[in-house]
Amino acid sequence: MSASLLSWIRPEILSASPYPLERIPEGALRLDAMENPFDLPPEIHQRLGEDLADLPLNRYPDGSAQELKNLLGPSLFGLPPDHLFLGNGSDEILLNLFLATPGPILLAEPTFSMYRIIANITARKVETVTLSPDLTLDMTALIAASKKVKPSLILLSHPNNPTGLELVEEEMRQLCKDFSGGILLDEAYYPFSRRTLLPLQREFPQLMILRTFSKMGLAALRLGILAADPKIVSELNKIRLPYNLDAMTQRAAVIICREFLPVLNEQVKWIVGLREELAASLRRLPGIEPLPSSANFLLVRVNGANSTEVYRQLAEHKIIIRDVSRQHPLLAGCLRITVGTREENEHLVSALELILKGLK
Ligand SMILES: Cc1ncc(COP(=O)(O)O)c(C=O)c1O
């Protein structure tokens, strides 16, 4: 009569693995998570510290994050605050969106692995189309799949992680014309690409735009932002847990947006320049082929050596990148490298040169 301890847990959870958050050795160079390598200057930390010191910790935060939405709506999207839905990172927004959907979620893979993980934990069926061999989206195939599988939601990343490639506006317009269910565009890397498909939302209110503070330099805050039709926002607010954004995140984000956005924008511009420098240096290494990228990372194909071995040896040099070679057949032999500071990038390139010589 001894029922298994875990018998009450859904089978898809039992068979899942936690998101791979590897233990990073002390002092390692992290080029795996698309973080901004530059922290904010000490004066800004000081300013934030002084302000946050006065926050009452005995009170719940503002559950509607109204002050922050009042600020972000106009400044980030040119939209009133009722178009915004905020989450504890964009991952939480994805979770809320998936919980709202009754039918399948259609993805174009390879893409951000969290989409599948969140679909799995919310027991949502995933349908996929495969990107073209050059890793661009085959819109004809996507539209055909949308007619066949009738998804509740189509989710695309623009630019895509891990390819770094963008969607084509005219093709997206066609998709919006042909598909009336939810369409979510994850623009996590918009700060680097500076190209948004937000204007299409005026014509097609089923289009939602997802952004995050993480990639432009505030990953520690955990703040994701969805811009959507207010009717969609109202429904999502029924799913959102009441105080999903803590008081410190709200306050810090308000101060940074009011006073320090130009500092982050400068860093982002600098990172875009460093990305091109890094791509040029990598291209000079034998067998290393970086793909063009509109984001703050490069997808790199390794020819003539085992990419996983390259990844492993870089880790031995305490340089952590992401081995995506087993994520999808189209990514065989591929590694994803986040752009670091100039010194960090040079360190990576020297280590890579050494490793490739040894593997010849
Ligand atoms: C496409 C994409 N969307 C969302 C995220 C996660 O963002 P957040 O830190 O806001 O949860 C990432 C992180 O790598 C990403 O690549």
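A quick note: this is a predicted structure, and the numbers were derived from the prediction, not measured.

Engineer: So, the sheet that holds strand β3 (residues 105-109): which residues are in play, and what are the values?
Structural biologist: Reading across the sheet, the seven strands line up as β2-β8-β7-β6-β5-β3-β4 and stay open at both edges, with mixed pairing between neighbours. Sheet topology places β2 (84-87) and β4 (126-130) at the edges, where each strand pairs with a single neighbour. In this sheet, neighbouring strand axes are inclined to one another by 25° on average, regardless of whether the strands run parallel or antiparallel. Bridging between strand β6 (residues 182-186) and strand β7 (residues 207-212) involves four bridges; their strand directions are parallel. Across the sheet, the residue bridging to L185 is I209, located in β7. Against the sheet, helix α3 (residues 66-77) makes contact with β2, β7 and β8 (224-227), and its axis sits at roughly 115° relative to β2, the strand it touches most.

Engineer: Tell me what's going on with the sheet that holds strand β9 (residues 288-290), and back it up with residues and numbers.
Structural biologist: Read from one edge of the open sheet, four strands run β9-β10-β13-β12, paired in antiparallel fashion. Each edge of the open sheet carries a strand with a single partner, namely β9 and β12 (322-323). Relative to strand β10 (residues 297-302), β9 runs antiparallel, the two sharing three bridges. From the neighbouring strand, I288 faces β10, where its bridge partner is V302.

Engineer: Residue-level account of the site of the ligand, with values.
Structural biologist: Neighbouring the ligand are the residues M34, G89, S90, D91, F112, S157, N161, D186, A188, T212, S214 and G224. For the shell around the ligand, the class distribution of residues is three nonpolar, seven polar and two charged.

Engineer: Talk me through unusual backbone geometry; I want residue IDs and the actual numbers.
Structural biologist: The amide bond that connects E109 to the next residue, P110, takes the cis arrangement and shows omega of 5°. Along the chain, N161 connects to P162 via a cis peptide bond; the corresponding omega equals 15°. Looking at the secondary structure, you find P162 in the loop between β5 (153-157) and α7 (169-178). With phi around 55°, M34 is a residue other than glycine that occupies positive phi space. One non-glycine residue, K150, lies in the positive phi region at around 45°. With respect to the secondary-structure elements, K150 resides in the loop between α6 (139-149) and β5. You can call K150 partly exposed: it has 13 C-beta atoms within 10 Å.

Engineer: Which residues make up the domain arrangement of the protein chain, and what values go with them?
Structural biologist: Its domain assignment divides the protein chain into domain 1 (11-41 + 262-359) and domain 2 (56-260). Relative to domain 2, the C-alpha centre of domain 1 lies at a distance of 25 Å. Residue-level contacts link 31 residues of domain 1 with 25 residues of domain 2. The set of elements that each furnish at least two residues to the side of domain 1 that touches domain 2 consists of α1 (11-14), α12 (247-283) and β10. Tallying contributions element by element places α12 first for the side of domain 1 that touches domain 2, with seven residues. Of the residues belonging to the side of domain 1 that touches domain 2, the class tally is 21 nonpolar, seven polar and three charged.

Engineer: Account for the pairing of β8, with residues named and values stated.
Structural biologist: Burial along β8 is two-sided: the face carrying G224 and L226 and the face carrying I225 and A227 are both buried. Across four bridges, β2 lies against β8 in antiparallel orientation. Across the sheet, L84 pairs through a bridge with A227, a residue of β8. Across four bridges, the pairing between β7 and β8 is antiparallel. Each residue of the ladder has a partner; that of L210, found in β8, is L226.

Engineer: Break down the packing of helix α4 (residues 90-100) against helix α5 (residues 114-121) for me, with residues and values.
Structural biologist: In contact at an axis separation of 10 Å, α4 and α5 are set at 45° when each is read in the N-to-C sense. On the basis of their axis angle, the class for α4 and α5 is oblique. The chirality of how α4 crosses α5 is right-handed. For the pair α4 and α5, contact is made by D91, L94, L95 and F98 and by M114, Y115, I118 and A119, respectively. Here the contact of α4 with α5 is composed, by residue class, of seven nonpolar, no polar and one charged.

The rules behind these values
Residues numbered from 1 in each chain as written. Predicted model: local features only at pLDDT ≥ 70, side-chain atom pairs only at ≥ 80, totals over all residues. Pairing = 2+ DSSP bridges. Helix = DSSP H or I, 4+ residues; strand = E, 2+ residues; numbered from the N terminus. Axes fitted to C-alpha atoms, helices over the stretch in contact; angles between N-to-C directions. Contact = placed C-beta atoms within 7 Å. Near = placed C-beta within 6 Å. Nonpolar A, V, L, I, M, F, W, Y, C, P; charged D, E, K, R; others polar. Buried ≥ 20, exposed ≤ 12 C-beta atoms within 10 Å, placed from the backbone. Domains from an automatic or database assignment. Parallel < 35°, antiparallel > 145°, perpendicular 65-115°, else oblique. Left-handed = near helix turned anticlockwise from the far one by under 90°.

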